[in-house]
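Next come the chains, spelled out residue by residue.
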Amino acid sequence: MEPRSGCPVNAAVEVLGDRWTLLVLRDVMFGDRRHFRALLTGSVEGIASNILADRLVRLVEAGLLTRGTAVRGQRARYSLTEAGIQTLPIIYALGNWGLDWRPGSDDLRNRQQAMRDEGPAFIEELMDELRVRHLGAPPKPHDGPGPFERLDAARAEATPQDHVDRR
């Protein structure tokens, strides 16, 4: 699809600017939801199945996700592309704005606050880990727990033990 203008902001908004697209990407990144059913049932915002199906098609067509071939009896698995991984700083920036300017529940704001507390280098670590998980890149060595383990630990400290949603 050709953008309406040559403006890079317009081109990005045409791919990312609807109500659901960034939330689907968020759930693939942070919830490691890679199958349709997991994305549908794991959506706190309650995405409808027809909307989810449409957004997944759009994200694949835009080159932000790939859809694995589903053989009979198996579910298709979605993976981030490098372009999809590169949306993490956008999602991070939006989350920081939301922390500062919008109300929300503490348990759902915790991940964003943990990322902010870790600092900008942490976003690069997360992107490297997403490349390992989605693109098969070799893992980069690091001391101690990885970035997703640190986010999970921060979330566990702030939420009840029976809370299993990783967003």
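Moving on to the overall build of the protein chain. The secondary structure content of the protein chain amounts to nine helices and two strands. In the protein chain, the succession of helices and strands from N to C terminus is α-α-α-α-β-β-α-α-α-α-α. Against the globule reference of 15 Å for 167 residues, the protein chain gives a C-alpha radius of gyration of 16 Å, in line with a compact fold. Over its C-alpha atoms, taken along the principal directions, the protein chain stretches across nearly 45 × 40 × 35 Å.

In a regular helix each residue adds 1.5 Å, so 12 residues correspond to 16 Å; helix α9 (residues 147-158) covers 17 Å between its end C-alpha atoms and thus fits that length. Among all positions of α9, only Pro-147, Phe-148, Leu-151, Ala-154 and Arg-155 are buried. Looking straight down α9, one finds that the buried residues subtend no more than 120° of arc, so they occupy a single side. Elements that come into contact with the buried residues of α9 comprise α2 (21-30), α7 (106-118) and α8 (120-135).

Moving on to the nonpolar core. Counting 32 residues, the largest nonpolar core has Leu-25, Phe-30, Leu-65, Leu-80, Leu-88, Met-115 and Leu-126 as its most contacted members. Among the elements of the structure, α2, α3 (36-41), α4 (49-61), β2 (78-80), α6 (88-101), α7, α8 and α9 are those that each provide at least two residues to this core. Take this core: its biggest share by element is six residues, from α2. The residues touching Leu-25, leaving out its near neighbours within four places in the chain, are Leu-16, Leu-59, Leu-64, Leu-65, Leu-80, Thr-87 and Ile-91.

The N-to-C vectors of α6 and α8 enclose an angle of 135°; their axes lie 10 Å apart at closest approach. Classified by the angle their axes make, α6 and α8 are oblique. The two elements α6 and α8 cross, and the hand of that crossing is right-handed. Contact residues: α6 offers Leu-88, Pro-89 and Tyr-92, while α8 offers Ile-123, Leu-126, Met-127 and Leu-130. Within the contact of α6 with α8, the residues separate by chemical class into seven nonpolar, no polar and no charged.

Applying the stated rule across the entire model yields 15 salt bridges. Where Asp-18 meets Arg-55, a salt bridge forms, and the shortest distance between an N and an O atom there is 2.8 Å. Taken together, the residues Asp-18 in the loop between α1 (8-16) and α2 and Arg-55 in helix α4 connect sequence positions 37 residues apart. We note a salt bridge from Asp-54 to Arg-55, for which the minimum N-O separation is 2.6 Å.

Attention now goes to the packing of α7 against α9. For the pair α7 and α9, the least separation of the axes is 9 Å and the interaxial angle reads 135°. Relative to α9, α7 is oriented oblique. Pair α7 / α9 crosses with right-handed handedness. In this structure, α7 uses Asp-107, Leu-108, Asn-110, Arg-111, Ala-114, Met-115 and Glu-118 to contact α9, whose residues at the interface are Arg-150, Leu-151, Ala-154, Arg-155 and Ala-158.

The rules behind the values
Residues numbered from 1 in each chain as written. Predicted model: local features only at pLDDT ≥ 70, side-chain atom pairs only at ≥ 80, totals over all residues. Heavy atoms only, no water. Helix = DSSP H or I, 4+ residues; strand = E, 2+ residues; numbered from the N terminus. Rg over C-alpha atoms; globule rule 2.2 N^0.38 Å. Expected span 1.5 Å × (residues − 1). Buried < 20%, exposed > 50% of the residue type's maximum accessible area, 1.4 Å probe, protein only. Arc of directions from axis to C-beta. Contact = heavy atoms within 4.5 Å. Core = buried A, V, L, I, M, F, W, Y, C linked by side-chain atoms within 4.5 Å. Axes fitted to C-alpha atoms, helices over the stretch in contact; angles between N-to-C directions. Parallel < 35°, antiparallel > 145°, perpendicular 65-115°, else oblique. Left-handed = near helix turned anticlockwise from the far one by under 90°. Nonpolar A, V, L, I, M, F, W, Y, C, P; charged D, E, K, R; others polar. Salt bridge = Lys/Arg side-chain N within 4 Å of Asp/Glu carboxyl O.

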